[in-house]
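# Tertiary structure, described
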Amino acid sequence: MKITALRFYNVKRFARQGVAIEGVSDGVNVLCAANEFGKSTSFEALHALFFLPHTGAPQEVRRLQPYSGGHPLIQADIRVPEGCFRLTKQFIGGKRATVENLDSARLVAQADEAERFIAGLIRGGTAGPAGLLWVRQGITGLGDRAKKEEEGERQVRESLLASVQGEVEAVTGGRRMSEVIAACRDDLARLVTQTGRPKTGGPYAAALEEQARLAAEEQRLAAEVTALRTALDARAIAQKRRSELADPDEKAARRSAVTSAEAALERARSHADLLAAAEAQTELARSRAEAAQRDLDSFQTGQARSETLRHQHGTAVQARDDARARRAAAAAAIDAAMAETQAAETQEAETRTLLARLDAALRARDAFQQLEALRTRLARAEAMRAEMEQGAAALALLDIPADAVETLQRLEIDIARLRASEEAGLPSVLVTYAEGAAPILMDGAPLQPDTERPVRDRARFEIAGIGTLTVRANRTGVASLGDARLRESEARAKRSELDRLRIELRHLAPEGLPGLREDIARRADLAPDLLELKGDLDAVRADLATADQRVAAARNATRELQPLHRHAGDALTTAETGLAAIERDLAAVDAMLGPPDARSARAQALAVTCHDLKASFEALAARSAALRATAPDLPSAEAAVRRAVSVEDAAREEETRLDVQLADLNGQIRTRADDAVEEKWREVSEALTAAQARVAAFDSEIAVLNRLGATLQETRTAARDLYLQPVIAELRPLLQLMFDDVSIVFDEKTLLPQTIRRNGQDEDIDRLSGGMREQLSVLTRLAFARLLAQDGRPAPVILDDALVYSDDDRIERMFDALHRQSRDQQIIVFSCRQRAFARLGGHVLRMTDWQPDGV
């Protein structure tokens, strides 16, 4: 029988799924796939089709059913001498079994007749040929089966050998041989038991006991002698090492190494500080040089464009009258909202100040040594920040939106009406003082109460106890297009200056002014009044939360009015005059270049400044590079210090440990020397030699008796070897292919390999490695498969992951053995070891989807 195809549906994990393995051919067929792919499921489906009746529902059948339920359906195509047939079984629900002749396309048998047809193919169920040759996953040995299955397989092997070899000749050894064997056993029983152990009370047991006693005593005394000699040697070594460690020159050298390493580390750290400072100066010089180059490039570009635009000009004016009223109304509403916002912010600021003072009183800390330096840096940074704020304010006044000049050009015709409405559109300031409040200074002059003051372009308010407030009008603020271009040029210069100030400020305060102030605050002594300040932090925090809510509400109200205000401002802005594009560009270039008579001097000054700053940058960069090139390796210096210190500490610890060790060794040596252990050891050694000679004589006698009994037994079982010659003949070439100089001895009862002889030594099968046991299992089954074929009962060999412990070399030889036996034998191999079994060759099988008819 040979299998040509296998199909199954709704089996185990393949719920409502069908799988087909088509095109199974003669020789070696291989199905390699990953775990959980369905290989073992295919084996179990094939096993159920041939060995389990479709009418029952034993545990093996229920295990085929998926968790979701359903009726397992299994189908296989086979080829026998009578033709090709299709076997089909369905279990649990809709139970059926059918046999179809594929050659004539007709139904041959069904139900019980189909079961009898399948039983005739396998001849004996699981105890038949297929049960002997089909190896499921996890069965890697010859005896890894249930007792019932083992007995069935033994019967198959015995009937097979009998049918191949013929009647076994009866062999007897005669009465004389029996008497000799009995006498040999009696003499052996006087010395040992049936299991080969010394017989209690016998002469052999007494000799062994005396030998064991003397051996234990000799071993104890030998250990004492060895310990004494070891202690003497260890003391000599410890004393030598102790003197080396105590050498004053060595101690001084270790101390000098530590001092040198620490000095080198200090030099490396100093050099690293110098390098960091030099790199910071280099970065600042680079920024200044780049800014100077940008200014020079801008000036030179403006000169070239001024020559091109010199003869082009144009004017236009446009204005709008009705923007004033809307802007004034919006400004009044904004003023009211801002007044509420100011009151809320005042309350919030006072509450936040109180909370900050309470927090400062709780977090008082000691001052750090660098307080004065930090204060100096803070003063410089604040001055620079103030300069930046003034510059930003000036830039805000000078800055013109990118499309402002274009707007002036487009709105040329409206300029007249805008100038007429300018005065009405100016923002104004109105203040009402609280009783006893200090007056506010507006541009240096006191601001009178309840008197509205207009703000033209920009106003600066100095508020006592608070700071400086700068107010800017939301308009272009130029009297003419020329003023606009001049302001645009001044704005570019102011931006460049602000960029330089930002770089210097980052250098002075890398973490920002708040961070620098916090650093100073941590180092400064807390004012005495703060130490005495007391208050309920939770209550103050609650007041602050209430004030924050009020500020947020007031600001939201202001935001609601801002769109109206912006709309009025936009209407006013769109009414402003723009000059013609050519005139605008020319005026812009002239404003950027400055007065014509000063342009040459300015260009020369910019070039000189650029050259000087570049030279300064290059010099600082060279200095930084030189420091970087000569910088010592700081991690190496630190490692050298750690190593030198560890060497010195280790020497000191070892010296202490040796002192303790020498004291212990001296005590051990004095104790053993007083007991004269060497003399006692020599006496016991001589007595042990005599006892060993007596035991050796008994061992020789026992070995002779065992050899005699084995020889007599071998003579009696010689006829049995003739019985096993057929399977040994089939197995011998396979063993030669797999192993060097290996022969097998079969058990007379089980007819399975019992021992192997390798390199002149006998080894039990059970003591072999898992890999060799599985290899012998497969080879033995291949030999029986060949005998079954010769006996007219061919069956395919199916191996489901039967080679799991074999190494690369042995598995290559197993592949050769499989191909050797597949000349007239079908072999089907399932394996998850895809990479290893890719070298097996043979016909590669594939699992494909399958949908049975009527499902």
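The rules behind these values
- Note that residues are indexed from 1 along each chain, following the sequence as it is written.
- The model is predicted, so local features are restricted to residues of pLDDT at least 70 and side-chain atom pairs to those at 80 or more, both for listing and for counting; the totals for chains, interfaces and linings are taken over all residues.
- Side-chain numbers here rest on the full set of heavy atoms in the structure, without hydrogens or water.
- For two strands to pair, DSSP has to find at least two bridges joining them.
- Each helix is a run of H or I in the DSSP string that is no shorter than four residues. Each strand is a run of E no shorter than two, and both are numbered from the N terminus.
- For helices, the fitted axis covers only the stretch in contact; all axes are lines through C-alpha atoms, and the angles between them, taken along N-to-C directions, range from 0 to 180 degrees.
- Contact between two residues is taken to exist if any of their heavy atoms lie within 4.5 Å; hydrogens are not considered.
- Only the six-membered ring of Trp is used, alongside the rings of Phe and Tyr, when aromatic pairs are assigned; centres must lie within 6.5 Å, and planes under 30 degrees apart are stacked while those over 60 apart are edge-to-face, with the rest tilted.
- The cut-offs for exposure are 20% and 50% of the maximum accessible area for each residue type, with area from a 1.4 Å probe on protein chains only; residues under the lower value are buried, those over the upper are exposed, and the others partly exposed.
- Criterion for a charge above a ring: Lys NZ or Arg CZ within 6 Å of the ring centre, and within 35 degrees of the ring normal.
- Per-residue confidence from the predictor is given as pLDDT, running between 0 and 100.
- Oblique is the label for any angle not covered by the other classes, which are roughly parallel (under 35 degrees), roughly antiparallel (over 145) and roughly perpendicular (65 to 115).
- For this classification, Asp, Glu, Lys and Arg are treated as charged, while Ala, Val, Leu, Ile, Met, Phe, Trp, Tyr, Cys and Pro are nonpolar and the rest, including Gly, are polar.
- Expected helix span is taken as 1.5 Å per residue step, with the number of steps being one fewer than the number of residues.

So, about the sheet that holds strand S6 (residues 96-101). The strand order S7-S6-S5-S4-S1-S2-S21 describes an open sheet built from 7 strands, whose pairing is antiparallel. Two strands lie at the open edges of the sheet, namely strand S7 (106-110) and strand S21 (847-849), each paired on one side alone. With direction set aside, neighbouring strand axes in the sheet form an average angle of 25°. Where strand S1 (residues 2-11) and strand S2 (residues 14-21) come together, 5 bridges link them in antiparallel fashion. Within S2, the position partnered with Val11 by the bridge is Phe14. In the packing of helix H3 (residues 112-122) onto the sheet, contacts are made with strand S4 (73-80), strand S5 (83-90), S6 and S7, and the angle to S5 comes to roughly 125°.

Inspection of the entire model under this criterion finds 3 aromatic pairs. Look at Phe8 and Phe14: their rings are 5.7 Å apart centre to centre, the planes differ by 65°, and that puts the pair in the edge-to-face class. Between Tyr204 and Phe698, the aromatic rings sit 5.9 Å apart at their centres with planes inclined by 55°, giving tilted as the arrangement. Placement of Tyr204 in helix H7 (residues 203-245) and of Phe698 in helix H20 (residues 677-716) is noted, with a sequence separation of 494 residues between them. One exposure class covers both Tyr204 and Phe698, and it is buried. In this structure, Arg13 packs its charged tip against the face of Phe14, placed 4.8 Å from the ring centre.

Turning to the confidence of the model for the protein, a few remarks are in order. Of all residues in the protein, 77% attain a pLDDT of 70 or more, and the chain-wide mean is 75. Per-residue pLDDT, averaged within each element of the protein, yields its smallest value for helix H5 (residues 147-165) (49) and its largest for S6 (93). Taken together, the stretch residues 313-319 has pLDDT below 50 and engages in 43 contacts with residues farther than four places along the chain or on a different chain. Overall, residues 364-369 carries pLDDT values under 50, and its contacts beyond four positions in sequence, including any with other chains, amount to 11 contacts.

This brings us to the packing of helix H23 (residues 770-790) against helix H24 (residues 808-821). Any two packed helices are characterised by the angle at which their axes cross and by the distance between the axes. Viewed as axis vectors pointing N to C, H23 and H24 meet at an angle of 5°, and their least axial separation amounts to 11 Å. Taken together, H23 and H24 sit at an angle that is classed as roughly parallel. Taken together, the residues of H24 that come into contact with H23 (itself represented by Met772, Gln775, Val778, Leu779, Leu782, Ala783 and Arg786) are Arg810, Met814, Ala817, Leu818, Arg820 and Gln821. Of the residues contributing to the contact of H23 with H24, the split by class is 8 nonpolar, 2 polar and 3 charged.

Here the focus is the environment of Ala615. Summarising the element assignment, Ala615 is placed in helix H18 (residues 596-629). Taking relative accessible area as the criterion, Ala615 reaches 36% and is therefore assigned partly exposed.

What follows deals with helix H1 (residues 39-51). Taking 1.5 Å per residue, 13 residues should reach 18 Å; H1 reaches 18 Å between its end C-alpha atoms and fits that length. Among the 13 residues of H1, 12 are classified as buried, and the element is accordingly described as predominantly covered. All buried positions along H1 are accounted for by Lys39, Ser40, Thr41, Ser42, Phe43, Ala45, Leu46, His47, Ala48, Leu49, Phe50 and Phe51.

Attention now goes to the sheet that holds strand S13 (residues 458-463). Pairing in this open sheet of 4 strands is antiparallel, and the strands run S11-S10-S13-S14 from one edge to the other. Two strands lie at the open edges of the sheet, namely strand S11 (445-446) and strand S14 (467-472), each paired on one side alone. Here strand S10 (residues 441-442) runs beside S13; their pairing, made up of 2 bridges, is antiparallel. Its bridge partner being in S13, Leu441 is matched across the sheet by Glu462.

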